[in-house]
Amino acid sequence: MLIKKNVVAYYHGGGNTLKRLSKPNYVFKIARVAILMIVALIALSTQASACHVSIGDKVWNDLDMDGKQDKGEPGIPEVSVYLYKYDFCKDEWIQIQDTKTNEDGEYSFSASYGCYYYVKFELIEGYVFSPKDNAKPWKDSDADVITGNTKWRQIWCNYDKWDAGMYKPTPKPAGVGNYVWNDLNVNGIQEDDEDGMEGVTVKLYTCSGQLVDTKLTDEDGYYEFTDLEAGDYYIEFVSPSGYIFTLADQGEEDEDSDAQTGGATSCFTLNAGDYNSLVDAGIHSMEEIPEFPTVALPMVAIIGLAFVFGRRKE
Ligand SMILES: [Ca+2]
Ligand SMILES: [Ca+2]
Ligand SMILES: [Ca+2]
Ligand SMILES: [Ca+2]
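Residues numbered from 1 in each chain as written. Chains lettered and ligands numbered in written order. Predicted model: local features only at pLDDT ≥ 70, side-chain atom pairs only at ≥ 80, totals over all residues.

**Observations regarding the overall build of the protein chain**
A tally of regular secondary structure across the protein chain gives two helices and 18 strands. The buried share of the protein chain, taken over its 314 residues, is 21%. When contacts within the protein chain are restricted to residue pairs at least 6 apart in sequence, those whose partners lie at least 24 apart make up 66%. (Helix = DSSP H or I, 4+ residues; strand = E, 2+ residues; numbered from the N terminus. Buried ≥ 20, exposed ≤ 12 C-beta atoms within 10 Å, placed from the backbone. Contact = placed C-beta atoms within 7 Å.)

**Re the sheet that holds strand 3 (residues 52-61)**
Within a sheet, adjacent strands bond to each other through the backbone by hydrogen bonds, running parallel or antiparallel. Taking strand neighbours across the sheet as the criterion, the four strands line up as 6-3-10-8 in an open arrangement whose pairing is mixed. Looking at the sheet topology across the chains shown, the edges are occupied by strand 6 (109-112) and strand 8 (128-129). When strand 3 meets strand 10 (residues 159-167), the two strands line up parallel, connected through six bridges. Bridge pairing links K58 to D163 in strand 10. (Pairing = 2+ DSSP bridges.)

**A few points about the nonpolar core**
The biggest cluster of nonpolar side chains holds 21 residues, and the ones touching the most others in it are V180, F237, A281 and I283. Among the elements of the structure, strand 11 (174-182), strand 12 (201-206), strand 14 (222-228), strand 15 (231-238), strand 16 (243-245) and strand 18 (275-285) are those that each provide at least two residues to this core. In terms of residue count, strand 11 provides more of this core than any other element does, five residues in total. Non-local contacts of I283, meaning those with residues more than four positions away in its chain, are made with V180, N182, D183, M197, S239, Y243, I244, F245 and T246. Judged by nonpolar contacts, the second largest core, of 19 residues, contains F109, V119, F129 and M166. (Core = buried A, V, L, I, M, F, W, Y, C linked by C-beta atoms within 7 Å.)

**Some thoughts on the environment of Y179**
The residue Y179 is located in strand 11 in this model. Classification of Y179 as buried rests on a count of 23 C-beta atoms within 10 Å. Measuring from C-alpha to C-alpha, the distance between Y179 and E198 comes to 9.8 Å, with 19 residues separating the pair along the chain. Excluding its chain neighbours within four sequence positions, the residues that come into contact with Y179 are G196, G221, Y222 and D280.

**Points about the sheet that holds strand 15**
As summarised here, the arrangement of the four strands in space is 13-12-15-17, forming an open sheet in which the pairing is antiparallel. Among the strands making up the open sheet, the edge pair consists of strand 13 (211-216) and strand 17 (268-270). Pairwise comparison of adjacent strand axes, ignoring direction, gives a mean angle of 35° for this sheet. Relative to strand 13, strand 12 runs antiparallel, the two being bridged by five bridges. Its bridge partner being in strand 13, T201 is matched across the sheet by L216. (Axes fitted to C-alpha atoms, helices over the stretch in contact; angles between N-to-C directions.)

**As for unusual backbone geometry**
Even without being a glycine, M65 presents a positive backbone phi close to 60°. Structurally, M65 is set in the loop between strand 3 and strand 4 (80-87). When the 15 C-beta atoms within 10 Å are taken as the criterion, M65 is described as partly exposed. The backbone of E78 sits at a positive phi, close to 65°, despite the residue not being glycine. Within the secondary structure, E78 sits in the loop between strand 3 and strand 4.

**With respect to the environment of D142**
Inspection of the secondary structure assignment puts D142 in the loop between strand 8 and strand 9 (153-154). The buried category is assigned to D142, around which 22 C-beta atoms lie within 10 Å. When the C-alpha atoms of D142 and F129 are compared, they prove to be 9.6 Å apart, with 13 residues separating the residues in sequence. Setting aside anything within four residues of it in sequence, one finds D142 in contact with K132, T150, W162, D163 and A164.

**Considerations on the confidence of the model for the protein chain**
When the pLDDT values of the protein chain are averaged, the result is 86; 78% of them are 70 or greater. Note on residues 1-21: pLDDT under 50 across the span, and 14 contacts to partners over four residues away in sequence or across chains. Every residue in residues 43-49 is under pLDDT 50, and counting partners more than four places away or in other chains gives zero contacts. (pLDDT = per-residue confidence, 0-100.)

**Concerning the pairing of strand 13**
Strand residues, when the strand is regular, have side chains that alternate between the two faces of the sheet. The element strand 13 is barely covered by neighbouring structure, given that only zero of its six residues are classed as buried. Where strand 12 hands over to strand 13, the hairpin turn is made up of four residues, of which G209 adopts a positive phi near 95°.

Here you go:
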């Protein structure tokens, strides 16, 4: 028997080659192959990590609207974020990935080492972007307040400083007033000897006809509606019994009457934060209307006398 102790013999293929390997040789070769495989795997993974970098980091609710990530300001989930890469062949920016922020407001993209990128954040409804570049790069907002885009940059390593602050702006209330007066001389103009009318009902409507609120004028004839949303409105004044509305739109806007014959004004627009203090109504007692005989009789008398004197001169 040629095979000694510690020697393993076997065939390769169907030929006649008979290889003899000592046991230490066999173990060594297996170990060497294993080591080479491990080295190759390490090299491959190192190469892969060298070619790919990550881009992030966060969208947050900037409660104090200062553009800085403060304690107690939570991340905003489900915000759409888009990654743009510069394509040198096409000579343009291409949107290559999109994602949404997680429950902590965080997002992450995988990008290629050494390429040029920027990120676009999409506003959620009712929110606006915080002022950008208002703190250190890891605490600030990088989204342009109009476009939501960050500046572009060449990415050489993991970059986690592209953030976006958003907040829900506090609506600025609007308001409207102002005055109902007794237009004694019925000329449609507010004058010093004409007083305000107390207790006149004033109704505020949207221009679509929805009643918003009702007020009464105070002891000096003033009224106002405040804490209004921006929008289009009109006012309806209700003339007290025995009174009617005076001439509308006479003179300057701050001294005229805006109530038309039925008591309603034209539609006007209130922008956020506006206060319109020019919506007034003049009313007068129906007794102040000159009756036809009180006007006509003196006129007839004057014309008659003129006629008589004219004839005598002839
Ligand atoms: Ca803040
Ligand atoms: Ca930042
Ligand atoms: Ca007057
Ligand atoms: Ca007016």
